[in-house]
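Listed here are the chains, written in short residue letters.
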Amino acid sequence: MGELGLLSNGVNPVLLILVPLGLAFLVPLIGFISKKIIKYIPVIAFLFNLTVALTLIPNVLKQPIVVKIGGFAPPFCINLVAGPIGILFSTLIALAGLLVSIYALSYIKEGPTEKYHMLYLLLLTGATGVVLTGDIFNLFVFFEILCISSYALVAYLGNKAGIESSIKYLIQGSVGSSLFLLGIGLLYGQFGTLNMADIANQIQSASSPSIFVPMVLMITGLGVEAAIFPLNAWLPDAHSSAPSSISAILSGIAIEVGLYAVVRVLFTIFDASNFLMFFVFLGVLTLLIGEMSAFSQKNIKRMLAYSSIGQIGLIVFAVSLNTQYGVSAGLFQMISHTLGKGLLFLAAGYMIYRTASMDISSFEGIGKKMPYTSLAFTIGTFSLIGLPPFIGFPSKFMIIKAALAKEGILFTVLIGLVLLGTVIEGAYFFRVVQVIYFKKGNGNPERKEAPITGLIPMFIFVILILLIGVYPNLITKILNSAASELLNKIDYIRSVLG
Amino acid sequence: MDFLSNNIYYIGAFGLIFIGLFIILVKHNLIKVIIGISVLETGVNLFLIAVGYISKGTAPIFSKPGINANQMVDPVPQALVLTAIVIGVAVLAMALSLAIRLYKHYATLDLRKIKEQRW
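Rules behind the numbers
Each chain has its residues counted from 1, following the order in which its sequence is written. All chains are assigned letters beginning with A, and all ligands numbers beginning with 1, in the order in which they are written. Confidence filtering applies because this is a predicted model: local features only for residues at pLDDT of at least 70, side-chain atom pairs given and counted only at 80 or more, and all residues used for totals across whole chains, interfaces and linings. Helix and strand labels come from DSSP, where a helix needs a run of H or I of at least four residues and a strand needs a run of E of at least two; each type is numbered from the N terminus. The quantity called the radius of gyration is restricted to C-alpha atoms. Its globule counterpart is 2.2 Å times the number of residues to the power 0.38. Exposed residues have 12 or fewer other C-beta atoms within 10 Å of their own C-beta, buried residues have 20 or more, and residues in between are partly exposed; the C-beta atoms are placed from the backbone. Contacts are defined on C-beta atoms placed from the backbone: any two residues whose C-beta positions lie within 7 Å are in contact. Each direction from the helix axis to a C-beta atom contributes to the arc, which is the arc of those directions. Classification used: nonpolar for Ala, Val, Leu, Ile, Met, Phe, Trp, Tyr, Cys and Pro, charged for Asp, Glu, Lys and Arg, polar for all others including Gly. For two strands to be treated as a pair, DSSP must find at least two bridges joining them. Each nonpolar core reported here comprises buried Ala, Val, Leu, Ile, Met, Phe, Trp, Tyr and Cys residues connected via C-beta atoms within 7 Å.

### Overview of the overall build of chain B
A tally of helices and strands in chain B yields 4 helices and 0 strands. At 20 Å, chain B has a C-alpha radius of gyration far larger than the 14 Å of a compact globule built from 119 residues. Expressed as lengths along the three principal axes of its C-alpha atoms, the size of chain B is roughly 65 × 35 × 20 Å. Residues classed as buried in chain B amount to 26% of the 119 residues present. Pairs at least 24 residues apart make up 53% of the contacts formed inside chain B by residues separated by at least 6 positions.

Here's what the structure looks like:
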């Protein structure tokens, strides 16, 4: 059988993990031949991944592809499950990975660049593995690949702030991973299996106290990486001290993948509909705390990092509504956040580079000096706030609509709080836009734009933000199938175990 | 006494886990915190091994006739622990190398004095 090549129904999804992983280990070897070509390797890898993921989408929408890695039927071996949600996320990861690696071609000049590109490949390999695997321990391993490479990349610049944030991130992240592993051990002790579908199948007959402890341990462990309040103390430091290209990936991909893992564990493994009300409150709390902290920031990257916490809160809120429409809205908001925040960090990267300062006040008059970058930044902020015709509008609109469908005074109050968060978000983002365009800079008004490799990815992000913003129907189908994959665990179990 | 002897591995594992968490939360020296992480990981690994262990069990190989499959130790947790140990070594190496760089910047490992980044 075609283990590595073609399956009967299209390309084998294992290539999505295999190609970047293999290229990551080839990077040091290729470095012996030529140092100059290394930076093109991630571009090639993610171009390949994006092509594979896009060609897989039609097949996966018909039926999830289950790949048996060792040749044994599930539940006895590690298996990959390329369902709608897995393929949705791998497309998103490959897309963001491709655009950011184009950006890094000219942005990453200093330091051990070959290690940067290797770790970058590993980080996104880990992320792809997490979303595709169907085995809980395999998920842990890929998660650790993601975490360890992001610890290293946060410290890439080697300055005071980078090292300090990296060590904070490492301490919190490794405690989280240990708790997650402990939860896996407890589940294995009870059910004797590591296959997620098999655990989900057997857990229906288990007593609730005996699965509550592993659930709490696993959610706490994964919540550290997903930056759910109160486990997110590392995030603003790590995201603001990393190089801007890495901040874009950490904000756009890493926390989203963490959140995917939380949602997968909550919905598929544990049938946690009794606890989801708790997560609704947690989401609103995370949203308000993130937005209010962002409001008081003077450092642009810290502001964007806190804004990510706010967005995570919004996604948690939407997903925990536990309705088909709510879960699709949450997934839509994840896509919208990846595109919007990726664009913002990329644009901010060159604005910081040109002004040599992260202070928002130093961006005065930059709208004349870097018109394209400033325009991209402005579009990113408008999209995150939720103004039409950008992608943020349909996604936020869907969330509000999903919450309105849940009747009751409580949800009206919660929607009010969510809208309050959006108002705060609007206030601090408009302040930055005002500084960029309407404050006169004291320096010379000489135009110095970002290089072309920096502008191309920003341009593509802007195109996507506009395109999906105007035609949200383009992705509704995959969002709906992804949401039903999460909500109908019977179908998931049946498609894996046969 | 029976309870103690039956569950001695679990007691030891959770003892190590709580000691590790205590060190991480209470100590201020970075090296001690890293040791705490290591102790915590050891506790989790011991727990995983204890899950699959059978008292007086044999290796899961049909090496001689007459070996009963019920008496075999579960090999899966051991494979998990092997992987977890490797991951733990990577995290430990990463943490220690960061500690060296941190010391070069601040000339101290006291986490109370390292407060460049704030909320």
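### Regarding helix H20 (residues 489-497) of chain A
Residues and elements named next belong to chain A. Within the sequence span of H20, burial applies to Lys489, Tyr492, Ile493 and Val496. Seen end-on, H20 carries its buried residues on one side only, within an arc spanning 95°. Structurally, H20 contributes buried residues whose contacts are with strand S3 (65-68), strand S4 (79-82), helix H7 (196-203), helix H10 (244-269) and helix H19 (473-487). In the segment just after H20, glycine 498 is the residue with positive phi, at about 80°.

### Let's talk about unusual backbone geometry
A cis geometry characterises the amide bond from Phe229(A) onward to Pro230(A), with omega recorded as 5°. A cis amide bond links Pro388(A) with the next residue in sequence, Pro389(A), at an omega value of 5°. The backbone of Ala356(A) shows a phi angle near 55°, a positive value even though the residue is not glycine. Here Ala356(A) shows up in the loop between helix H13 (324-355) and helix H14 (366-369). Not every positive phi belongs to a glycine, and Ala107(B) is a case in point at roughly 55°.

### Quick look at the interface of chain A and chain B
By a widely used convention, the size of an interface equals the accessible area lost when the partners come together. Each partner contributes residues to the interface: chain A has 27 residues there, and chain B has 27 residues. Listed by contribution, the elements that provide at least two residues to the side of chain A that touches chain B are helix H5 (136-154) and helix H6 (160-191) of chain A. When residues in the side of chain A that touches chain B are grouped by element, the largest group, 17 residues, is from H6(A). Its residues assigned to classes, the side of chain A that touches chain B shows 15 nonpolar, 8 polar and 4 charged.

### Comments concerning the pairing of S4(A)
Where a strand is regular, its side chains alternate between the two sheet faces. Residue and element names in this part refer to chain A. Of the two faces of S4, the one lined by Asn79 and Val81 and the one lined by Leu80 and Ala82 are each fully buried. Inspection of the sheet shows S3 paired to S4 by 4 bridges, in the antiparallel sense. When the bridges of S4 are listed, isoleucine 65 appears paired with alanine 82.

### Re the nonpolar core
Side chains of a nonpolar character, in soluble globular proteins, are inclined to be buried together. Residues and elements named next belong to chain A. Ala127, Val130, Leu146, Leu343 and Ala347 are the most contacted members of the largest nonpolar core, which has 209 residues in total. Here the element with the most residues in this core is H10; it accounts for 17 residues. Apart from the residues within four sequence positions on either side, leucine 146 is in contact with Leu123, Gly126, Ala127, Val130, Ala254 and Val257.

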